[in-house]
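# Structural overview for review
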Amino acid sequence: DVPDVRHTMEDQVVVLSHIRGWCQNGIPLAFSAVVVSVLQVVELLLPLVLCVHAPDRKLFVSGIVLKFFFLKLVIHILEALLSMKSVCKAIDSYAPCIHASIQLLVYANQMSRDIGVSTFIFLTLSPAFLVVAINDLCCPTMSLHQALIY
C-alpha cells in the first residue's frame, strides 16, 4: 500500500530551529521598505545639496532625475538577476548572504514604491472624500458627486 504523495506534507507543523534577529523570520519587509526609502531620499538630496555651490534649479532637478533613472536601472537589473535561478544558485554557493541581500533590496524598493503610490492616491482622494462626506451629512437627498458627473 503506497501512500498518496500529494498528501504527505499536509498538516505538518513547521518548527523554527533558531530565531534570527529581533523577529522570528528576520526583519519585517515593511520596516525594511521604510528604512530603504528614507535612506534613498537622504542619499538623493544630501549630495546634491552639498555639491551644488551656486544654487541652480535645473542642475538640481537633473541630478534628481539622473539618480532616479540609475536607481530604476539597478533595480531592474537586480530583478532580472533574481529571476535567473542558475545564477542565484551559483551566487549562493560562493557567497550565501548576497542573494538574500539582493532579494531584500529589490523587495524593499518595490514595497517602498507601492507605499509611496498608495500614499499619493490616499492624499489626492481625501479632499474629495471629505467633501462627499460633508455633503451626505448636510444634504442627504442631494448628491454633489452625482451632480458633478452630470
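Refer to the structure presented above.
Calculation criteria
Along each chain, residues carry numbers from 1 onward, in the same order as the chain's sequence is written. Predicted model: local features are reported for residues with pLDDT of at least 70 only, side-chain atom pairs are reported and counted for 80 or more only, and whole-chain, interface and lining totals are derived from all residues. As a rule here, side-chain values come from all non-hydrogen atoms in the structure, and water together with hydrogens is ignored. By the criteria applied, helices consist of DSSP H or I runs no shorter than four residues and strands consist of E runs no shorter than two, each listed in order from the N terminus. Whether a residue is buried, partly exposed or exposed follows from its accessible area with a 1.4 Å probe, protein chains only, as a fraction of its type maximum: under 20%, in between, or over 50%, in that order. What makes two residues a contact is simply this: any of their non-hydrogen atoms within 4.5 Å. The accessible surface values rely on the Shrake-Rupley method and a 1.4 Å probe; as for residues, cover is taken only from the protein chains in view. The term salt bridge refers to a side-chain nitrogen of Lys or Arg lying within 4 Å of a carboxyl oxygen of Asp or Glu. What we call a nonpolar core is a set of buried Ala, Val, Leu, Ile, Met, Phe, Trp, Tyr and Cys residues that are connected through their side-chain atoms within 4.5 Å. For Phe, Tyr and Trp, rings pair up if their centres lie within 6.5 Å, where Trp contributes its six-membered ring, and each pair is then called stacked (planes under 30 degrees apart), edge-to-face (over 60) or tilted (otherwise). Method remark: on a 1 Å grid restricted to protein atoms, a set of points is classed as a cavity if a 1.4 Å probe fits but cannot get out and as a pocket if it is open with protein on both sides within 12 Å along at least five of seven lines; lining residues have an atom within 4 Å of a point. Grid points are joined across faces, edges and corners, and a volume is the space filled by probe spheres set on the points. Expected helix span is computed as 1.5 Å times (number of residues minus one).

### Some words on the overall build of the chain
Looking only at helices and strands, one finds five helices and zero strands in the chain. Reading the helices (α) and strands (β) of the chain from amino to carboxyl end gives α-α-α-α-α. For the chain, with 150 residues in total, the buried portion stands at 14%. Here the contacts in the chain between residues at least 6 apart in sequence split such that 46% fall between residues at least 24 apart. Looking at the chain as shown, the accessible area adds up to about 12500 Å², and 72% of this sits on carbon and sulfur atoms.

### So, the pattern of salt bridges
As enumerated under the stated definition, the model contains two salt bridges in all. A salt bridge links Lys67 to Glu43, with the nearest nitrogen and oxygen atoms 3.2 Å apart. With Lys67 in helix α2 (residues 57-83) and Glu43 in helix α1 (residues 29-51), the pair connects residues that are 24 residues apart, well separated along the chain. Judged by relative accessible area, Lys67 falls into the partly exposed class, the value being 25%. For Asp114, the salt bridge is made with Arg113, and the minimal N-O distance between the two is 3.9 Å. Under the relative-accessibility criterion, Asp114 is labelled partly exposed at 43%.

### Points about the side chain of Ser32
Checked against the element boundaries, Ser32 lands in helix α1. In this structure, Ser32 is in contact with Ile27, Leu104 and Ala108, ignoring residues within four places of it in sequence.

### A short note on the nonpolar core
Counting five residues, the largest nonpolar core consists of Leu78, Leu82, Cys88, Ile102 and Val106. The contacts of Cys88, once residues within four sequence positions are left out, are Leu81, Leu82 and His99.

### Some remarks on the packing of aromatic side chains
Applying the stated criterion across every chain, the model contains one aromatic pair. Residues Phe69 and Phe70 carry aromatic rings whose centres are separated by 5.7 Å and whose planes lie at 55° to one another, so their mutual orientation is tilted.

### Digging into the layout of surface pockets
Of the volumes computed, that of the largest pocket is approximately 560 Å³. The wall of the largest pocket is formed by 19 residues, among which Gln40, Phe68, Leu71, Lys72 and Asn109 lie closest to the centre. Elements with a contribution of two residues or more to the lining of the largest pocket: α1, α2 and α4 (96-138). Considering each element in turn, the lining of the largest pocket owes the most residues, nine residues, to α2.

### A word on α4
For α4, built from 43 residues, the straight-helix expectation of 63 Å at 1.5 Å per residue is met to within 8% by its first-to-last C-alpha distance of 62 Å. Taken together, the buried positions of α4 are occupied by His99, Ile102, Val106, Ala108, Asn109, Ser112, Ser126 and Asn135. For α4, the secondary structure elements touched by its buried residues are α1, α2, α3 (85-94) and α5 (144-149).

Shape is all these values report; function is a separate question.
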